[in-house]
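# Topology and contacts: notes
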Amino acid sequence: MSEVVGFELRGRNAIITIDNPPVNALSLGVRQGLMERVDRAAMDSEVLAIILIGLGRTFPAGADIREFDKPVEEPHLLSIIDHFDSIKKPIIAAIHGTALGGGLELALGCHFRVSLPTARFGTPEVKLGIFPGAAGTQRLPRVIGLDRSLELIVLGEPIDARTAFEYGLIDKLVEGDLLEGAISFTRKVLNENLAIQTSSEPREGIGSPEDFQEVIQKYRDIASKKMRGQESPHEAIESVIDGLKMPYDQAVKADRKRFPRCKDSIQSRALRYSFFAEREASKIPGVGKEITPREIKKGAVIGAGTMGGGILMCFADAGIPVLAIESSSEALETGMETISKNYQRMIERGRITETEKANRISLISTSLNFNDLSDADLIIEAAFEDLELKKEIFSKLNEIAKSGAILATNTSYMDINQIAAVTQRAEDIIGLHFFVPANVMKMLEVVRTSSSSPEALATGMQLAKQFKKVGGVAGVSHGFVANRSRAPLVREAQFLVEEGASPAQIDAVLRDFGLPMGVLAVSDMSGLDVSWRMRKSLAHLRDSEERYPHLADRLCEMGRFGRKAGYGYYSYSEGGNLPIPDPEVEEIALKVAEENGIERRKINDAEILDRCLYAAVNEGSKIVEEGIAYRASDIDIMWQYGFGFPRWRGGIMYHADVIGLSEVLDRIEEFHEIHGKLWQPSALLKELAQSGGSFTQK
Ligand code: 3H9
């Protein structure tokens, strides 16, 4: 008898409970239990109706993703759902929490659905590189229509219960106790002798693809644009199309072939890895559940420039009152104007209403007086990247901030240990590194210094959640985890231009690989002067044996600071954002190469990709080796949410595992030989390559 599926008689209703914490995933035991219990109820003459309900926090949130790497064992979820069609007693799904993926398919297999108003419904399978493979692509369109189904299936975003009710996915919204509500609904079904609804009807197809050409094309376009390079949304659309042109049984037969192909694809494996890696990133060794994050009732941000402004918006978006501190009223005014414009753009895009904008802006107060920081629970310094300035700010904060306040710096590379050392409360100091634009990018790198307390770190991670971001922890090191691991990619792109590749060629290779933008176009967008200033300030630490990016300096010396100057690695038409290849850059590169004895040659795309990615992998490996990142998968999550690295490739470290670490090492050694010290292979990489290990697989 199944331990995870219970059976109880309530009057003449069989109550079948699913109890498989934490999310009642439809693991083998649950599937076996469901089949058994439903059959028992069907055969029991005492039973008139069957109610399916999840115990704990949710109705099943889907198939058990961990089982996807194992051979499938019957009963398959599809067999259960199809079996429900033949049962003559009404089966009612009573839904709370999240009915997602296989959970929603199970609900669709039931004859009626009731839910709490707080429940959410969705088919997130495409995000795992698959599609709703237990007849969701066939049954959902029969219940809610094609357009709405494709929206759910292709985008993978959930809808709330009220929308689900409006769509006809739910028969009744239940206030109060769910089971009581379901029993009362069942009474109505029986008393009124309501006909059992099977969502596989009509059994013959539901139309011809020609009738739906426009809507199908709409979702093909959305999939190609929003999920560029990802196969699963297109597979999902094909499966839905099968359901239009074939009878139900044939369409699910086709799905049975399509599903394993998707599940076993490299993309699906990478997406499943990403799912678990994201959850793993939130776990901080040594910071257990007993550590309570501090409550943030009021925030403050020092600096209302590009970064500061974005961070202020994060607080306001999360409904947390926040104080903006600046050194001049002009700076405050400009900052607030930019925030207002950003919100206005969100209104124009239909993301928020005028009232929401007003509410959010009303949460931001401003001041020129540092003393006003005294009641903030968390203060984020987002001033200019100047170590002395930051130290000065933190020694003031040491005097002013209330006891127990978390003091954070948004520096993207500086030594936060030095900043913490100027205070007498080093345990309360952390880094909170936001990515540009801060209110949009989902990553928040929480930097632990050598003295950050577990509470301070837990508060940083909690803040990430409140900001609807993904938190990941990094140790102190130049550029921490994300920027440090990305810097070698930028470096190699710069060198490749000196050696003969064009910025357009390099960027095209990286875009074709799946990056949202080419790295040199990104540099132009951020401003080439930022890293130029950093190189100059760190010139005294430079290792003379390491190759230096002469071209990057030369472009800046010529005032080619990137997009804002109209010129950088590309040129830009006035006020335009589109990078236009600029022959002058080649001339400059030629000259720089000549002056520095760099041999120019034709460079193939494969070398560009290997140089850019493996330089980052090698650095990532050193970051793990030094304990700056807890795990290689944290690096991958930072790349996904901080730099838009394609999730379906997992991340740079996962990608290296897919290629095979000994092949990656061979290539790095080759580059080491040709290009010298910067390519010194990581000891960890060597060790893993030699032992047949991997960065990301346990
Ligand atoms: C599917 O259904 C395919 C079918 O169409 C066809 C089949 C033939 N499996 O996220 P949380 C774990 S595909 C296994 O931190 P929250 C998770 O790893 C599936 N484990 O909680 C974590 O473990 P740990 C379609 C799962 O409250 C713990 O549960 N469904 C699964 O922030 C808590 O998770 C989905 O894609 C799973 N399905 O969010 C839904 N789900 O504690 C995926 C979760 O060891 N799940 N875990 O780190 C979610 O989106 C969120 O977990 C959910 C809760 C919204 C449910």
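What comes next concerns the included structure. This is a predicted model, so every value here is computed, not measured.

Conventions and cut-offs
- Sequence order sets the numbering: in each chain, residues are counted from 1 along the sequence as written.
- Reporting of local features is limited, given that this is a predicted model, to residues whose pLDDT is at least 70; pairs of side-chain atoms are given and counted only at 80 or more, and all residues count toward the totals for whole chains, interfaces and linings.
- Side-chain measures here rest on the full set of heavy atoms in the structure, leaving out hydrogens and waters.
- Any two strands with at least two DSSP bridges between them are considered paired.
- Comment: elements are numbered from the N terminus, with helices defined as DSSP H or I runs of at least four residues and strands as E runs of at least two.
- Axis lines are fitted to C-alpha atoms, over the contacting stretch for helices. Their N-to-C directions set the angle, which ranges from 0 to 180 degrees.
- Residues count as neighbours in contact if any of their non-hydrogen atoms are within 4.5 Å of one another.
- Each patch is built from residues lacking any salt bridge and having more than 30% relative accessible area; the joining distance is 9 Å for like charges and 5 Å for nonpolar side chains (Val, Leu, Ile, Met, Phe, Trp, Tyr).
- Computed by Shrake-Rupley with a 1.4 Å probe, the accessible areas treat only the displayed protein chains as cover when residues are assessed.
- One speaks of a salt bridge when a side-chain nitrogen belonging to Lys or Arg is within 4 Å of a carboxyl oxygen belonging to Asp or Glu.
- In this count, Lys and Arg are taken as positive residues and Asp and Glu as negative ones, while His and the chain termini are left out.
- In plain terms, the charge of a residue is placed at NZ if it is Lys, CZ if Arg, CG if Asp and CD if Glu.
- Burial here depends on accessible area, computed with a 1.4 Å probe over protein chains only, as a share of the maximum for the residue type. Under 20% is buried, over 50% is exposed, and the range in between is partly exposed.
- Consider each residue's heavy atoms; a residue with any of them within 4 Å of a molecule or strand counts as near.
- Two N or O atoms count as a polar contact when they lie within 3.5 Å, although within protein this holds only if one can serve as hydrogen donor and the other as acceptor, and sequence-adjacent residues are included solely when both atoms are side-chain atoms.
- Under this scheme an angle from 65 to 115 degrees is roughly perpendicular, one under 35 degrees roughly parallel, and one over 145 degrees roughly antiparallel; angles in between are oblique.
- Here a crossing is called left-handed whenever its near helix is offset anticlockwise from the far helix by less than a right angle, and right-handed whenever the offset is clockwise.
- How far a helix is expected to stretch is found by multiplying one less than its residue total by 1.5 Å.
- Taking the helix axis as origin, the arc is that swept by the directions to the C-beta atoms.
- A pair of aromatic rings is counted whenever rings of Phe, Tyr or Trp (Trp by its six-membered ring) have centres within 6.5 Å, and the orientation is called stacked for planes under 30 degrees apart, edge-to-face for over 60 and tilted otherwise.

In this section: the sheet that holds strand β15 (residues 429-434). Sheet architecture is open: 8 strands sit in the order β12-β11-β10-β13-β14-β15-β16-β17, paired in mixed fashion. This sheet does not close on itself; its edge strands, each paired only once, are β12 (364-367) and β17 (470-475). Across the sheet, the mean angle separating the axes of adjacent strands is 25° when strand polarity is ignored. Inspection of the sheet shows strand β13 (residues 378-381) paired to strand β14 (residues 406-409) by 4 bridges, in the parallel sense. For I380, the partnering residue across the bridge sits in β14 and is A408. Sheet strands in contact with helix α17 (residues 454-466) are β13, β14, β15, β16 (443-448) and β17, and its direction is about 175° off that of β16.

Before going further, it helps to examine a negative patch on the surface. Negative charge collects at one region of the surface, where E663, D666, E669 and E673 lie side by side. Given a relative accessible area of 47%, D666 falls into the partly exposed group.

Looking now at the site of the ligand. With respect to spatial proximity, 30 residues lie near the ligand, and among them R57, E105, E125, R279 and K283 are the closest. Note that an oxygen atom of the ligand is positioned 2.8 Å from one of the backbone N or O atoms of A63. In this structure, an oxygen atom belonging to the ligand sits 2.7 Å away from a side-chain N or O atom of K283. With the chains in place, 75% of the 1000 Å² that the ligand exposes on its own is no longer accessible. Sorting the residues of the shell around the ligand by element identifies β5 (98-100), α3 (102-109) and α11 (266-281) as the ones contributing at least two each.

Looking now at a positive patch on the surface. Judged by side-chain charge, K225, K226, K341, R345, R349 and R351 come together as a positively charged surface patch. Broken down by secondary-structure element, the contributors of at least two residues to the positive patch are α8 (213-226) and α13 (329-348). Along the chain, K226 falls in helix α8. By relative accessible area, which is 64% here, K226 ends up exposed.

Let's shift gears to the packing of helix α27 (residues 661-675) against helix α28 (residues 683-691). Between α27 and α28, the shortest axis-to-axis distance is 8 Å and the interhelical angle comes to 135°. The orientation of α27 relative to α28 falls into the category oblique. For the crossing formed where α27 meets α28, the hand is left-handed. From α27, L661, S662, L665, I668 and E669 reach across to α28, where they touch L685, K686, L688 and A689.

End to end, helix α23 (residues 583-595) covers 19 Å across 13 residues, agreeing with the expected 18 Å (1.5 Å per residue, within 8%). Three or more residues of α23 are buried, namely V585, I588, A589, V592 and A593. All buried residues of α23 lie within an arc of 135° about the axis, which places them on one face of the element. Turned more than 90 degrees away from the buried face of α23 sit P583, E587, K591 and E594, all of them exposed.

A few words now on the pattern of salt bridges. Taken as a whole and assessed by the stated rule, the structure comprises 50 salt bridges. Where E280 meets R631, a salt bridge forms, and the shortest distance between an N and an O atom there is 3.8 Å. Of this pair, E280 sits in helix α11 while R631 is found in the loop between α24 (605-625) and α25 (632-643), placing the two residues 351 residues apart along the sequence. Residue classification places R631 among the buried positions, given a relative accessible area of 16%. Where R484 meets E619, a salt bridge forms, and the shortest distance between an N and an O atom there is 2.8 Å. With a gap of 135 residues between them, R484 in helix α18 (residues 482-499) and E619 in helix α24 connect regions that are remote in the sequence. Here R484 falls in the buried class, since its relative accessible area comes to 11%. Overall, the relative accessible area of 17% leaves E619 in the buried class. Connected through salt bridges with shared partners, the residues R491, E492, E498, E499, R547, R601, E607 and R611 form a single ionic network.

The next thing to look at is the packing of aromatic side chains. Tallying each qualifying case throughout the model produces 13 aromatic pairs. Judged by centre distance (4.3 Å) and plane angle (20°), the rings of Y273 and Y654 are stacked. Taken as a pair, Y273 in helix α11 and Y654 in helix α26 (residues 652-659) lie far apart in primary sequence, 381 residues in all. Residue classification places Y273 among the buried residues on the basis of a relative accessible area of 12%. Seen from their ring centres, F435 and F643 are 5.6 Å apart, and the 70° between their planes marks the pair as edge-to-face. Linking F435 in the loop between β15 and β16 with F643 in helix α25, this pair joins segments that are 208 residues apart in sequence. The class of F435 is buried, set by a relative accessible area of 4%.

So, to be careful, I would describe these as geometric facts and stop short of saying anything about function.
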